[in-house]
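Examination of the molecular architecture
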Amino acid sequence: MPQTTALTNIAALVTNDPAQGDGSPLGLIENAALIVEDGQVAWVGPTEKAPPADTAHDAGGRAAIPGFVDSHSHLLYAGDRTQEFNARMSGRPYTAGGIRTTVQATREASDEALAATLNAHLREMYAQGTTTLETKSGYGLSPEHEARALRVAALSDVDEVTYLGAHVVPPEYAHDPDAYTALVAGPMLRECAPHARWVDVFCEEGAFDEEQCRTILTAGREAGLIPRVHANQLSYGPGVRLAVELDAASADHCTHLTNEDVDALAQGSTVATLLPGCEFSTRAVYPDARRLLDAGVTVALSTDCNPGSSYTSSMPFCLAIAVREMNMTPDEALWSATAGGARALRRTDVGRLTPGCRADVALLDAPSHVHLSYRPGVPLVSEVWREGARVA
């Protein structure tokens, strides 16, 4: 018979279930307890009403939140882009061409080196409260190298794996991007589809245009993969509306939006995933989360952890930026970094702490989740539980 564990003496428990606690979107319960059974949440509520459990763990008056859901990262790579970052911070602007530096290093790296980099970042993320994450290929850009990156991810604890053959056009196809598009939508897709759940494209000037992206996403969908789109990061463009047209799970970045883009997101089911670490690291303009939220768009927050434009694995850091720079409230930012990320991954078992969900919990050295944005840069995550087991 499965053993039960009670987390008790929780000052404030964020469930993300309005039916719990105070009825707000965060479903906040004060002086709370949580019962874990067989890796899932079995019960939540006030401590004085908690049923008996086989073992107990005293939260010590700390706040508890759902583990962060990081729905956009690029962890399958090798090499270092320190010099590029240093140059950019000295006044040279970011361009998509920097990706090609990582492509060369990744192609030359062993499977073991790729796995070591991936797992090092996983440990960083767990320690900062992330318990569910997505990561992408996109630094191999050939059938052989894209497929082996996805195989490396499949052998790790990564929850969601995305095929991003359409990251940029590699140098060997620089004079024939349509031929590379055909490769990504054909032979490369056939190699990669068995190892991924999602198909992604970088819809941007200097990367892939609207028709190239439509070709790749449509082929991916026919192969059983679900679309996602890097959309409207560097300029206004068709990416967001294409994502909505193809019922993509998410349109990611959403930095440059027209009224038509916002209306399309509000009328569809595509989540707008905002990546403030990228704007921070490139000194670019931040997306206006308030505009999206006020229009009724579902918003997610993610790190975009990658070696070029957002080399952070810290969801608390991104949450604090979103509150400070993107006009989000502390409650909205936390919801977007947990339940919003789950929606971007079309998951109902994570991002919440309510019966039947995965027991992914982060305890904070603070009495309230508001401290995540109130005390930016402070390592407040003190314990992390994933599927009912402590991982940090």
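Residues numbered from 1 in each chain as written. Predicted model: local features only at pLDDT ≥ 70, side-chain atom pairs only at ≥ 80, totals over all residues. Heavy atoms only, no water.

1. Some words on the packing of helix H5 (residues 177-185) against helix H7 (residues 210-222)
Put simply, the test is: Orientation is described by axes fitted as lines to C-alpha atoms, over the contacting stretch for helices, and by angles from 0 to 180 degrees between their N-to-C directions. Secondary structure counts use DSSP, requiring at least four H or I residues in a row for a helix and at least two E residues in a row for a strand, with both numbered from the N terminus. Working definition: roughly parallel below 35 degrees, roughly antiparallel above 145 degrees, roughly perpendicular at 65 to 115 degrees, and oblique for all remaining angles. Helix crossings fall into two classes, left-handed where the near helix is turned counterclockwise from the far one by less than a right angle and right-handed where it is turned clockwise. Any two residues whose heavy atoms approach within 4.5 Å at even a single point are treated as in contact. Each residue receives one of three labels: charged for Asp, Glu, Lys and Arg, nonpolar for Ala, Val, Leu, Ile, Met, Phe, Trp, Tyr, Cys and Pro, and polar for the others, Gly being one of them.
It is at 9 Å that the axes of H5 and H7 come closest, and there the two elements cross at 15°. It follows that H5 is roughly parallel to H7 by the angle criterion. Viewed along their axes, H5 and H7 form a crossing whose handedness is right-handed. Note on element contacts: H7 touches H5 through Gln212, Thr215, Ile216 and Ala219, opposite Pro177, Asp178, Thr181, Val184 and Ala185. Its residues assigned to classes, the contact of H5 with H7 shows five nonpolar, three polar and one charged.

2. Focus: the pattern of salt bridges
How we decide: Note on definitions: salt bridges are taken to be side-chain nitrogens of Lys or Arg within 4 Å of carboxyl oxygens of Asp or Glu. Using a 1.4 Å probe on the protein chains alone, a residue whose accessible area is under 20% of its type maximum counts as buried, one over 50% counts as exposed, and one in between counts as partly exposed.
For the coordinates displayed, the defined rule picks out 24 salt bridges. The partner of Glu134 in a salt bridge is Lys136, and the shortest N-O contact between them spans 2.7 Å. Residues Glu134 and Lys136 agree in their burial class; the two are buried. Between Glu387 and Arg386 there is a salt bridge, with the nearest N and O atoms lying 3.9 Å from each other. Here Glu387 falls in the partly exposed class, since its relative accessible area comes to 43%.

3. Overview of the domain arrangement of the chain
Cut-off, in case you're wondering: Domain start and stop points were drawn from an automatic or database domain assignment. A 1.4 Å probe defines the accessible area here, and the buried area is the portion of it lost by two parts on being joined, summed over both. Polar contacts here mean pairs of N or O atoms no more than 3.5 Å apart (in protein, one a potential hydrogen donor and the other a potential acceptor; neighbouring residues in sequence count only if both atoms are side-chain atoms).
Domain boundaries assigned for the chain yield domain 1 (4-67 + 351-390) and domain 2 (68-344). Once you take the C-alpha centre of each, domain 1 and domain 2 turn out to be 30 Å apart. Listed by partner, the interface residues are 20 residues for domain 1 and 21 residues for domain 2. For the pair domain 1 and domain 2, the summed buried area comes to about 1,600 Å², and 66% of that belongs to carbon and sulfur atoms. The tally of links from domain 1 across to domain 2 stands at two salt bridges. Linking domain 1 with domain 2 are 10 residue pairs in polar contact (both at pLDDT 80 or more), by the criterion used here. Secondary structure elements with two or more residues in the side of domain 1 that touches domain 2: strand E5 (63-66), helix H14 (371-374) and strand E15 (381-386). It is E15 that provides the largest number of residues to the side of domain 1 that touches domain 2, a total of four residues. Here the residues of the side of domain 1 that touches domain 2 are counted per class, giving 12 nonpolar, five polar and three charged.

4. Quick look at the side chain of Asn232
Inspection of the secondary structure assignment puts Asn232 in the loop between strand E10 (226-231) and helix H8 (239-245). Of the polar contacts made by the side chain of Asn232, one reaches the backbone nitrogen of Val240; its length is 3.0 Å. In this structure Asn232 touches Cys203, Glu204, Gly237, Pro238, Gly239, Val240, Cys254, Thr255, His256, Leu257 and Asp261, once residues within four positions along its chain are discounted.

5. Overview of the UniProt feature "binding site: N-formimidoyl-L-glutamate" (unreviewed entry) in the chain
Stated formally: UniProt positions are given in the numbering used here, feature names are shortened, and annotations may be inferred rather than shown by experiment.
Within this numbering scheme, the UniProt entry marks Tyr139, Asn306 and Gly308 as carrying the feature "binding site: N-formimidoyl-L-glutamate" (unreviewed entry). In summary, the annotated positions, though distributed over 170 residues, converge in three dimensions, the widest C-alpha pair being only 11.4 Å. Mapped onto the elements of the fold, Tyr139 is located in the loop between strand E7 (130-136) and helix H4 (143-154). Contact partners of Tyr139, with chain neighbours within four places excluded, come to His74, Leu76, Tyr77, Ile99, Thr102, Val103, Thr106, Glu146, His167, Asn306 and Pro307. Looking at the element boundaries, Gly308 is found in the loop between strand E13 (299-301) and helix H12 (315-325). Judged by its relative accessible area of 7%, Gly308 falls in the buried class. If we ignore the near neighbours within four places in the chain, the residues touching Gly308 are Arg81, Glu84 and Arg88.

6. Focus on the sheet that holds strand E11 (residues 250-253)
Spelled out, the test is: A pair of strands is considered paired only if DSSP assigns at least 2 bridges between the two.
Pairing in this open sheet of eight strands is parallel, and the strands run E6-E7-E8-E9-E10-E11-E12-E13 from one edge to the other. In this open sheet, the two strands that pair with only one neighbour each are strand E6 (68-70) and E13. Between one strand and the next, the sheet's axes are offset by a mean angle of 25°, whatever the strand orientation. Pairing analysis gives three bridges linking E10 to E11, with the strands arranged parallel. Paired with Val229 across the strands is Ala251, a residue of E11. On the sheet, H12 packs against E6, E7 and E13 and is oriented at approximately 90° with respect to E6.

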